Structures are given as C-alpha cells and as structure tokens.
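Each chain, letter by letter, is given below.
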Amino acid sequence: MTSITLSNVCLDYPLYGAYDFSIKRRLMNRLLGEADGAHAVRAIDQVSLDIRSGARIGLFGPNGSGKSTLLRLIAGVYPATSGRIEVRGRVMPLLGLSAGANLDLVATDNISLLLRIGGRRPTPAIIDDIWAFTELEDRMRRLPLRTFSSGMLMRVLFATATAFPADILLLDEWLSVVDERFSAKAERRLLGLVDGAAIVMLASHDQELLRRVCNRIVPLDRGRIVGAEGGGQTDRSARKLEEICA
Amino acid sequence: MDAAPASSRRFSVLHVFKVFYPDLFGGTLTVIRDICAGLAHAVASSVLVCSDAPRPRHEIVNGIPVERVRSLGNLFSLPIAPTYPFRLWRRIAAYDLVALHAPFPLADLVFACGLGRARPLVVHWHADIVSHGRLRWLVEPLMRRTLQRAEAIIVSDAALATRTALLRDVANKCHVVPFGVDLRKFAALENSERPGSAGRRVVACGRLVPYKGFDVLIRAAADHDFEVRIIGEGRERAHLQQLIDGFGIADRVRLLGSLCDDEMVAEIGAADVFVMPSVTNAETFGLVQLEAMAAGRPIVNTALDTGVPRVARDGREAVTVPPSDAVALAGAINALLADPARRRRMGDAARQRAATHFATAAFDQGIERIYRRAVAAHAAAHRASEQGVGLLDSVRIAAALAWSDLRHRYVRSLLGPFWMSIQMAIMVAVLGSVISHFGPAGGLSRLPMLALSLTAWTFLNGVVLDATTALQASASLIKDRALPPVVFLLQCCFRQGLFALHNACVPLALWLAIDPMDVGGVFAALPGVLLFIAFTFAASLVLGALATRFRDLKPIIESCLTLAFLASPVIWSPEMIDRGSFIMRVNPLTHLFAIWREPLATGQVPMSSVLYVVMSLSVLVVASLVTLSRLRKAAFWI
C-alpha cells in the first residue's frame, strides 16, 4: 500500500557562499589552519507526518517555509540530516514547471522525452491520449515548444506528467498557472489520481486552491509544522477516506 | 472525451469466464458485456472463455475480442477444457488486469498455483457453488487461494459478502457494486398502455437450469388460469416441457427459448407480472428482475438468502414468497393479477428504484474505480521492493536524454553534429600536412590513425568537460524531478559517444580511401577500446562531481587535459618524439591510447600499457564508488 512516513525528520541545508565553491580557497584555509566557513540553515525541523493512500495533502506556508524542501526530501532529492523517511510507492515529483523540456524540440518529441524521463516507453497511442487531454490543435503537435504560450506549455507538461497513475504525486504551485477551464479539468484529473490509490502532495500559498483540492492541510513555518492541522471537517473526512483506503 | 483522461490512461482487462455469447445467454454474460461496453472509454476489454461448439479461436463479438479454448463438453457445469489453464497463464502477461468471473474452478487452478502474479486480479463473485455441493471440498481450497490472492472482490449485494462463508475471511477486500440496468432500453414501454386487457400474463426469464425454479412456476400455473411465458434455453427444457404437457397446460404455458434483446424487451413489456421463482442461493441478484423493474413491471420473487429479495423488496416493488413453494407463488401471482392498481403502483415503484439505485453509470464508475485501484495497489506492492530509480532506469533515461541532445543539434542545423566532423577533417588535413614534413615518407598512410586518435580524443575530452558542468545544467531535473545525478554524467558519455560515431566517418573514409588494410587488428583492439571508454566514464564521474562541488576546478581540469594530450604520442609521429621521456611514460593518456592503437596497427597488445590502464582504472573505480555514494549531496551544490 502506498504510504509516506516521516518521523522527526530534520534537514540542515548547507549554504554555500561564493568562496565555498572554491577549492583553492579551501586548500588555502586548510594551510592557514582556518576553520571552514560551512554554514547550514535548518530547513526542515522535526517534521513527523503519516500519510496513507487516498490523502491529498496541502502544504501551506509563506515563501521559505520549507514547502518545496519537504517535497524534495520525500522525493529523495536531499538526504535527511536526521530522522527517518519511509516512502512506499512510486514517487512522481513535479516540482518545476518545465524540467526536462527542450523548447527547441517539437511538442510530441518533448512528450516522448518527458515520458522517458519518467521511465515510461512512449507509444503513439499514449501520445495521442496526452494530446487529447491538452485540447490543443492537432497541428501544434509539430511545432517547437518555444512557440507555445506559457498556458499552452503548462497544458502539455501537465498532461504528460499525469498521464500515468503515479502512486505518489508531488506538486509545487502547479495548478495556478493555467486558465480556469483547464485548471478545473486538471483538478479533476488530480482527484482521479487519488482514486488510483495515490497520494497527492501539493505545496502552495494559495489557501483557496488547497482547500478545494486537498483533504488535509499542513501549515508550515520555518521548517516546522505549526498550529492545528486542517479544518476539523476536512480532516475527519480525510481520515475516513484514509481508513477506507487502508 | 473528458472522461477518459480524467483519471488516466486506458488500460487493458482480460475477462475470464467459462463461456460467452453466442454459446449461452444469461446474467453473468450480461454483466461481462455491460462492463466491456460501459468501460470502453477507459478499458480495453478482452474475453477468454471455453467453447464446445466449432467456433473460430479468435472472434469479435459485439465489439469485444473473444478467444475461445476448445472444450470437449461439460462435466458438473464445468467445461472440459484441459488446455484452458495453460492458455490463461500464457495470456495474463499481455493485460494490465485480470477480471475473473467466479465461480470458475478451471481458472482458480491457475491463480491458486500462484501463477500470473505479475498482474492484478479482481474477482467478480457472481455466485457460490450450489449445484454440485458434494464436490465443494475439491474446489473450495482453490477458490479460497484465488480470493486471498485477489486485489479486490466485487459482489452485487452486501448480503453476499456477509453470508458467503468463503468471502467472510476476505471481507475487507469485498466491494459492493450493484448491477446496473440501462433504462433507455425500456424507455419505449414507459408510456405504452399495459396490455392488461386480459391481465393474466406472467413472464419469467432465465437459463433453463434447476436452480431457476421454473418447475415451481409451472406447478403453480397448473391449478390457475394465468398465462406463463418463460424466456430462455437450457438443459432442463425437455423436462420442463414434459411437466407442462403432463399438466395439460401447453396452451397457456410456453417455453419461448432464447430471444434477442428487442424481443425480450417486448415480452417483458407485455407482462402483467414478472416472476423470479429461483430456488437456491445460486441466484445472487437476479439481473433479469432488475430489467423487469426498469420496464415498470411488478415482481414476484423468492426469499433467498441473497440479493434477490433486496433488489425488489417485498411489499414495495415485489411480493416475496418462500422458495420452492408453488402454492404461495400461485397465491402471490393471483393476488397481483387481480389488483391492477397495485400492479401499477408496484411497477412505478420498481422503475423508480431501478433508476435511482441501479443506474448503469454508478455501476460503470464503481467497477472502473475498483479496477484502477487494483492496478495501482498491485503496482505499488510490486515496486515496494525496488525503490527509486534503478540503475537500468538511469541508463535508459540517460540514453533518451543523449538522443534528444543529438536531435537538438539537428534541429538547429541540417548537418547537425557533422559540423564537428568537418572541423575535425580540417584538423586532420592540417596536422597531417604538417607532420608529413617531418617524416620522410608514408605521411599519408598515417592519416587514418591520426583521424581515429583525434576522434577518440574528442570523445574523452568532450565527456570529461561536459561532465564538469552537467549537474549544474540539469539542476532542474535533479531537484524537481528527483532524477539521480549519475544520469546526467551518463548522459555526457552517451552524447559524446553519439557525436564520436558521427566523427568516426572521417577516419573511416580516410581508411577506405587510402589504405584499406586487414581488419584482424580490430578484434584485438576491442578490449582496449572498452577499457578506454570505461576509463573515460569513471574519470568523468569523479571529475564531474568534484567540479560541481568546487567550481574553480573546471579550468584546471581543462588545461590539464590539454597538457596531457600534448604530452602524449597521439598526434606526434614516432620519429618526432622521445619515447623515453618520463612525462610521456607516466601520462595515462599515452597508455590509454596505446592499448587500442597498437593492436590496431600491429596486432600486438602492449601488456605494460594494459597493466597501467587497468591499475589506474581500479583506482578510478574506487573513487567513482565513493563519488556515487556522495552524489546525492550534489543537490545542495547546484
């Protein structure tokens, strides 16, 4: 069963200044017997979470509160400094908008490439499915992505990224970029993914969006979970949903 | 359009049952057909069944691909198809999900043996084995194992899950999805006048098998004057006909045989009362009574311990009588026939209930949801062991990225990477002409080797230099898509490999034009080439990671590489260089080139160089392993 368990996870994020990237400087410091000026900031502080399938978690907090970092920890980008992270299920992290897309290549080539990056073999049928979801004109398939507007680009990237049911989907400020109609459709697809025994985690500072999409909201501030989680109603229904799915 | 991608991609399902149209008509087949049709937007369904009729092995029936396994007949209601389990086992891998319509012990054989675990299994529990109860002990362990292995079990009524002993152990996997009925099929009847003029027509429908209880209905009709029409075919036909003839009521009790859909709708529409006289729990739901409800007909059904009396409820949509009780059955039928107002009331209530509680849309959605969850749950369980991106995945992704890089070159110019080849050809020409002035003769014949060496050098240089910036360039893929950094170091290697294949045209052309010597040396050179590539990759891994951590390393690496190149015998001819030079002897590049150049030129493998390369490579491999273990931290550096 899909699940994410974090227990007392901390992450010290090393801050590298311009000099810290220099090996000459470092060797010099060594020779002179000076201490290495490696600073670290505690980006995630004692976070514990237990997430079961069917959960749609909204991470809410101001910039720099550790939302994205927490998602990256779960995705396995950063190694935790202390604590335990246990992730069961295939993680599909979609934290950047256009990671991996090559704007010079035509749309279908990009879809193929992105599918391959996601570890899937692209077939014409799959690409047709994805294109149908974008609702873009057929002739645009053969145009380079750099000719697309940002909204169109988002459609292509979103459709590609969510074409396959992932067990765990990590999203960072995704739905806010496209127009309303498509964003409604994208939300539906996300909700559909949850039916596929998935966990969705969405980081945003748009509380409205989180309320609509998520069934549990985790407020973060300076790397800590703060205050009471979520609204009582949504939380209870989330727990119920979790029980059903467990 | 919208519904299909709303959740995700289409997936394929193999329906496993004992028989299919047109060998049989009946509730289970209706359900399979409805699932195939109702989920067509999301699921590509196929059917694997047995048949004892001479039918083609593969056939499309109502738009559904059907494969039939030859059966020699029936034994205890089971087809004798010894090859069925084998065929099923071979087919499973081709589908995303297997839907077993139970009971079907022949298929249980496969699942109980633990075969076909690579795909998720959903069991549609249609009924328990009732007819041949004495053989239960034989198949029950098989069924139990199948149910334990299944991702989900679908029943049509909650009563089945709680009252079937076999299902009680796996109750947590049972999902109740009531069958649906397509009301449009009966819409034409809604406003039509009930042909109640006579007000004495009773219709029943089902396969002519003992558990349907048609003999009870015939007995009930014997002493009363209502008409009975029984739709369906089966092995009891002769027996039932005999019974009818025995009572001398053939004029008003008729066996209509199998009817097509339209005829059936018309028959049900012409009924004043629809009767469901089933006598055993093999009747779990009574799909056909649901159809009669949709047609707005009052029902008489039996108080079985299944969904039957809960679909049409006593006193509201139906009159429920004890099973196998001809007197009670006749009484209920007569009471209804005598009271048109009550019939109308019950009929309206029945249609209302069919529309609100048994809509096809709810059925389709319920089934699709369970299928999807089963696929996802199975996939999650399967992948629990192999967390993250494996090595093979990394290689695949790196290859795809490198391939895309190559295409990118072609997008920008028609010649693509061949521009580099042209550049190299010019370099070979210039260098060749310079060198030929030093040597007395045969300058021309050294050109192919010079070109080949330059190709190899371009590869090595390119891989290492690309690696120093690769991680920074792919920061978004590392941080946002969580790809392991090693992918991008591999990508450098693959990309430069593809470019090297382009560049290799130059030495190949020169070799063909100038001096097509024997090719025996190629095989002797092959191990050397592989060592060269391995060395290059290991070096790029270590230097790439270091240069990402310490940005000022890149220019140092760059100039070291150039120096090493100039201090190696790559472009110089033997006459021009001091072979004993210390620098040249310790320069790894000297040996790295020697291990494949010398076998190619002379057929001799220089053992000392091989030894040198193998030793330095093992040091590099250790360094690479250390690097790989630390590479996760690269996300902090970029």
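Just so it is clear, the model here is predicted, and its values are computed rather than measured.

1. Some words on the overall build of chain B
- Counting secondary structure elements, chain B contains 27 helices and 16 strands.
- Over its C-alpha trace chain B gives a radius of gyration of 39 Å, far above what one expects of a compact globule, namely 26 Å for 638 residues.
- Principal-axis analysis of the C-alpha atoms gives chain B an extent of 125 × 50 × 45 Å.
- Here the analysis covers contacts within chain B between residues at least 6 apart in sequence; of these, 70% occur between residues at least 24 apart.
- Roughly 27900 Å² of accessible area belongs to chain B as shown, and the carbon and sulfur atoms make up 62% of that amount.
- Distance between charge centres in chain B, computed from 65 positive and 51 negative side chains, equals 6 Å.

2. With respect to the overall build of chain A
- A tally of regular secondary structure across chain A gives 8 helices and 9 strands.
- Evaluated residue by residue, chain A yields a buried proportion of 55% over its 246 residues.
- Long-range contacts, defined here as pairs at least 24 residues apart, represent 75% of the contacts in chain A between residues at least 6 apart.

3. Here's the deal with a nonpolar patch on the surface
- Residues Leu415(B), Trp419(B), Ile422(B), Ile426(B), Val430(B) and Val434(B) make up a contiguous nonpolar surface patch of roughly 530 Å² in combined accessible area.
- Position of Ile422(B) relative to the elements: it lies in helix α17 (residues 418-438).

4. Focus on the side chain of Lys185(A)
Residue and element names in this part refer to chain A.
- With respect to the helices and strands, the residue Lys-185 is situated in helix α6 (residues 180-195).
- A polar atom in the side chain of Lys-185 sits 2.8 Å from the backbone oxygen of Phe-133.
- Here Glu-135 takes part through its side chain, which lies 2.7 Å from a polar atom of the side chain of Lys-185.

5. Description of the sheet that holds strand β6 (residues 168-172) of chain A
All names here are of chain A.
- Read from one edge of the open sheet, 6 strands run β5-β6-β7-β3-β8-β9, paired in mixed fashion. Looking at the sheet topology across the chains shown, the edges are occupied by β5 (91-94) and β9 (224-225).
- When strand β8 (residues 216-221) meets β9, the two strands line up antiparallel, connected through 2 bridges. If you follow Leu-220 over to β9, its bridge partner there is Ile-225.
- Most of the contacts of helix α2 (residues 67-75) go to β6, to which it runs at about 155°, and overall it touches β3 (56-60), β5, β6, β7 (199-204) and β8.

6. Section: the interface of chain A and chain B
- Counting residues at the interface gives 56 residues for chain A and 43 residues for chain B.
- Regarding the contact of chain A and chain B, the summed buried area is about 4600 Å², with carbon and sulfur atoms giving 58% of it.
- On inspection of chain A and its partner chain B, the count reaches 2 salt bridges.
- Asp480(B) is the partner of Arg72(A) in a salt bridge, and the nearest nitrogen-oxygen pair spans 2.5 Å.
- Counting across the interface, chain A meets chain B through 12 residue pairs in polar contact (both at pLDDT 80 or more).

7. Let's talk about the packing of aromatic side chains
Residues and elements named next belong to chain A.
- A full pass over the atoms with the stated rule returns 16 aromatic pairs over all chains.
- Between Phe-133 and Phe-182, the ring centres sit 5.6 Å apart and the planes meet at 70°, which makes this aromatic pair edge-to-face. Placement of the pair is Phe-133 in helix α4 (residues 124-134) and Phe-182 in helix α6, with a sequence separation of 49 residues.
- Here Phe-133 falls in the buried class, since its relative accessible area comes to 0%.
- Judged by centre distance (6.3 Å) and plane angle (85°), the ring pair of Phe-158 and Phe-182 falls under edge-to-face.

8. Re helix α4 (residues 105-112) of chain B
Residues and elements named next belong to chain B.
- For α4, the buried fraction is high: 7 of the 8 residues fall into the buried class.
- For α4, the full list of buried residues reads Pro-105, Leu-106, Ala-107, Asp-108, Val-110, Phe-111 and Ala-112.
- One or two residues past the end of α4 sits Gly-114, with phi positive at roughly 80°.

9. What about the domain arrangement of chain B?
Residues and elements named next belong to chain B.
- Looking at the assigned domains, one finds that chain B contains domain 1 (3-176), domain 2 (183-358) and domain 3 (391-637).
- Centre-to-centre separation of domain 1 and domain 2, based on C-alpha positions: 28 Å.
- Between the two partners, domain 1 and domain 2, sit 3 salt bridges.
- One salt bridge in this structure joins Arg-33 and Asp-261, with 3.9 Å as the shortest N-O distance.
- One can count 3 residue pairs in polar contact (both at pLDDT 80 or more) joining domain 1 with domain 2.

10. Some details on empty space enclosed by the protein
All names here are of chain B.
- Counting across every chain of the model gives 3 cavities of 30 Å³ or more.
- Taken as a whole, the second largest cavity holds about 70 Å³ of empty space.
- Elements represented by at least two residues in the lining of the second largest cavity include exactly α2 (27-38), β8 (121-125), β9 (152-155) and α15 (360-383).
- Classifying every residue of the lining of the second largest cavity by side-chain character gives 9 nonpolar, 3 polar and no charged.

11. What about the sheet that holds strand β14 (residues 273-275) of chain B?
All names here are of chain B.
- Reading across the sheet, the 6 strands line up as β13-β12-β11-β14-β15-β16 and stay open at both edges, with parallel pairing between neighbours. Two strands lie at the open edges of the sheet, namely β13 (253-257) and β16 (318-321), each paired on one side alone. In this sheet, adjacent strand axes meet at a mean angle of 25° when their direction is disregarded.
- Both strand β11 (residues 201-205) and β14 contribute to a ladder of 2 bridges, which runs parallel. Each bridged residue has a counterpart across the sheet, and for Val-202 the counterpart in β14 is Val-273.
- Seen against the sheet, helix α11 (residues 287-294) touches β11, β14 and β15 (299-302) and runs at an angle of roughly 160° to β15.

12. Comments concerning the side chain of Gln289(B)
- Within the fold, Gln289(B) resides in helix α11.
- Leaving out residues up to four positions away in the same chain, Gln289(B) has contacts with Phe274(B), Met276(B), Ile299(B), Asn301(B), Val308(B), Val311(B) and Ala312(B).

13. Focus: helix α16 (residues 391-412) of chain B
- Spanning 22 residues, α16(B) covers 32 Å between terminal C-alpha atoms, matching the ideal 32 Å at 1.5 Å per step.
- Those residues of α16(B) that sit buried are Ser394(B), Ile397(B), Ala398(B), Ala400(B), Leu401(B), Ala402(B), Ser404(B), Asp405(B), Leu406(B) and His408(B).
- Structurally, α16(B) contributes buried residues whose contacts are with α3 (107-117) of chain A together with α19 (475-480) and α20 (486-503) of chain B.

14. Re the pairing of β11(B)
All names here are of chain B.
- Extensive coverage of β11 is indicated by the burial of 4 of its 5 residues.
- Here 5 bridges tie β11 to strand β12 (residues 227-231), and the two strands are oriented parallel to one another. Directly across from Ala-204, in β12, lies its bridge partner Ile-230.
- Taken together, β11, helix α8 (residues 214-222) and β12 form a β-α-β motif whose crossover is right-handed.

15. Notes on unusual backbone geometry
- Here the bond from Ala102(B) into Pro103(B) is cis, since omega is 5°, no more than 30 degrees from zero.
- By secondary structure assignment, the location of Pro103(B) is in the loop between β7 (97-102) and α4.
- A positive phi is found at Glu135(A), a non-glycine position, where the angle reads about 60°.
- Looking at where Glu135(A) falls in the secondary structure, it is placed in the loop between α4 and α5 (150-161).
- For Glu135(A), a relative accessible area of 35% corresponds to the partly exposed category.
- Residue Ser324(B) is not a glycine yet carries a positive backbone phi of 65°.
- With respect to the helices and strands, Ser324(B) occurs in the loop between β16 and α13 (326-337).

16. Considering the packing of α11(B) against helix α14 (residues 340-357) of chain B
All names here are of chain B.
- Relative to each other, α11 and α14 sit at 115°, their axes nearing to 7 Å. Viewed along their axes, α11 and α14 adopt a mutual orientation that is roughly perpendicular. Handedness of the crossing formed by α11 with α14: left-handed. Along the contact surface, α11 presents Leu-290, Met-293 and Ala-294, while α14 presents Gly-347, Ala-350, Arg-351, Arg-353 and Ala-354.
- Taken together, the residues that form the contact of α11 with α14 break down as 5 nonpolar, 1 polar and 2 charged.

Reading the values: the criteria
- Residues numbered from 1 in each chain as written.
- Chains lettered and ligands numbered in written order.
- Predicted model: local features only at pLDDT ≥ 70, side-chain atom pairs only at ≥ 80, totals over all residues.
- Heavy atoms only, no water.
- Helix = DSSP H or I, 4+ residues; strand = E, 2+ residues; numbered from the N terminus.
- Rg over C-alpha atoms; globule rule 2.2 N^0.38 Å.
- Contact = heavy atoms within 4.5 Å.
- Areas by Shrake-Rupley, 256 points an atom, 1.4 Å probe, with all protein chains shown as cover.
- Lys, Arg positive; Asp, Glu negative; His and termini not counted.
- Charge placed at Lys NZ, Arg CZ, Asp CG, Glu CD.
- Buried < 20%, exposed > 50% of the residue type's maximum accessible area, 1.4 Å probe, protein only.
- Patch = residues over 30% accessible without salt bridge, like charges linked within 9 Å, V, L, I, M, F, W, Y side chains within 5 Å.
- Salt bridge = Lys/Arg side-chain N within 4 Å of Asp/Glu carboxyl O.
- Polar contact = N/O pair within 3.5 Å; in protein donor to acceptor, adjacent residues only side chain to side chain.
- Pairing = 2+ DSSP bridges.
- Axes fitted to C-alpha atoms, helices over the stretch in contact; angles between N-to-C directions.
- Buried area = accessible area lost by both parts, 1.4 Å probe.
- Phe/Tyr/Trp six-rings, centres within 6.5 Å; stacked < 30°, edge-to-face > 60°.
- Domains from an automatic or database assignment.
- 1 Å grid on protein atoms, 1.4 Å probe; cavity = no way out; pocket = protein on both sides within 12 Å on 5 of 7 lines; lining within 4 Å.
- Points joined across faces, edges and corners; volume = space filled by probe spheres on them.
- Nonpolar A, V, L, I, M, F, W, Y, C, P; charged D, E, K, R; others polar.
- Expected span 1.5 Å × (residues − 1).
- Right-handed = clockwise from strand over helix to strand, strands pointing away.
- Parallel < 35°, antiparallel > 145°, perpendicular 65-115°, else oblique.
- Left-handed = near helix turned anticlockwise from the far one by under 90°.

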